[in-house]
Amino acid sequence: MDDTAAITALAALAQTTRLATFRLLVAREPEGVAAGELARLVCVPQNTMSAHLAALANAGLVTGERQSRSIIYRASLVGLRELMLFLVKDCCGGNSELCAPLIADLAPCCSLKVKDHD
């Protein structure tokens, strides 16, 4: 990710409705949410939601897939990963002990659930 793409993504998230929509889509991975349902959940008109989704899609943070008469939107976890890596790539000048608290705070929410294979 370059500076321009990061600025576009951060600008897309720098608005209350778009941030709420993106967080909701991340929480609903991998199923996604239909555009109309997103509008209802975030309490905005459908045409307003369409504009917000377009901004998030332009920033590479959401994708939409037509299913019958609906468009199902999903968070782009690749876009989120790229943005997060851009922000912390050179974390603390390579001083790992300064980055350790950040990584420790992120680890519990992202830990993999491992199943026993008998």
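Report on the accompanying structure. Nothing here was measured: the structure is a model prediction, and the numbers come from that model.

Observations concerning the pairing of strand β2 (residues 62-67)
And then number 1: Where β2 lies against strand β3 (residues 70-75), six bridges are found, and the strand directions are antiparallel. When the bridges of β3 are listed, Q67 appears paired with S70.
And then number 2: In sequence, β2 turns back onto β3 through a hairpin of two residues, with S68 there showing a positive phi of about 60°.

Digging into the pattern of salt bridges
And then number 1: One pass over the full model with this rule turns up two salt bridges.
And then number 2: Across the salt bridge formed by R40 and E37, the nearest N and O atoms sit 2.7 Å from each other. On the criterion of helical spacing, the pair formed by R40 and E37 is a turn pair, its members being three residues apart in helix α3 (residues 35-42).
And then number 3: Classification of E37 by relative accessible area gives partly exposed; the value is 29%.
And then number 4: Close ionic contact of E65 with R74 constitutes a salt bridge, the shortest N to O distance being 3.2 Å.

A short note on the sheet that holds β3
And then number 1: Strands sit in the order β1-β3-β2 across an open sheet of three strands; the sheet is antiparallel. Of all the strands in the sheet, the pair left with one neighbour each is β1 (33-34) and β2.

Section: the side chain of R74
And then number 1: Residue position: R74 is located in strand β3.
And then number 2: Here the side chain of R74 touches E31 through a polar contact of 3.3 Å, landing on its backbone oxygen.
And then number 3: Reaching out from R74, the side chain makes a polar contact with the side chain of E65 at a distance of 3.2 Å.
And then number 4: With near-sequence residues (within four places) excluded, R74 lies in contact with L25, E29, P30, E31, G32, L61, V62, T63, E65 and Q67.

Re the packing of helix α1 (residues 3-13) against helix α5 (residues 77-88)
And then number 1: Running from amino to carboxyl end, α1 crosses α5 at an angle of 110°, the nearest separation of the two axes being 10 Å. Classified by the angle their axes make, α1 and α5 are roughly perpendicular. Judged by the sense of rotation from one axis to the other, the crossing of α1 with α5 is left-handed. In this structure, α1 uses D3, A6, A9, L10 and L13 to contact α5, whose residues at the interface are L83, F86 and L87.
And then number 2: For the contact of α1 with α5, a count of residues per class yields seven nonpolar, no polar and one charged.

Remarks on unusual backbone geometry
And then number 1: Of the consecutive residues E29 and P30, the connecting peptide bond is found in the cis state with omega at 0°.
And then number 2: With respect to the helices and strands, the residue P30 is situated in the loop between α2 (16-27) and β1.
And then number 3: Residues other than glycine seldom take positive phi values, yet C43 does so here, at roughly 65°.
And then number 4: Tracing the sequence through the fold places C43 in the loop between α3 and α4 (46-58).
And then number 5: Classification of C43 by relative accessible area gives exposed; the value is 69%.
And then number 6: Look at S68: it is not a glycine, yet its phi comes out positive at around 60°.

Rules of the game
Residues numbered from 1 in each chain as written. Predicted model: local features only at pLDDT ≥ 70, side-chain atom pairs only at ≥ 80, totals over all residues. Heavy atoms only, no water. Pairing = 2+ DSSP bridges. Helix = DSSP H or I, 4+ residues; strand = E, 2+ residues; numbered from the N terminus. Salt bridge = Lys/Arg side-chain N within 4 Å of Asp/Glu carboxyl O. Buried < 20%, exposed > 50% of the residue type's maximum accessible area, 1.4 Å probe, protein only. Polar contact = N/O pair within 3.5 Å; in protein donor to acceptor, adjacent residues only side chain to side chain. Contact = heavy atoms within 4.5 Å. Axes fitted to C-alpha atoms, helices over the stretch in contact; angles between N-to-C directions. Parallel < 35°, antiparallel > 145°, perpendicular 65-115°, else oblique. Left-handed = near helix turned anticlockwise from the far one by under 90°. Nonpolar A, V, L, I, M, F, W, Y, C, P; charged D, E, K, R; others polar.

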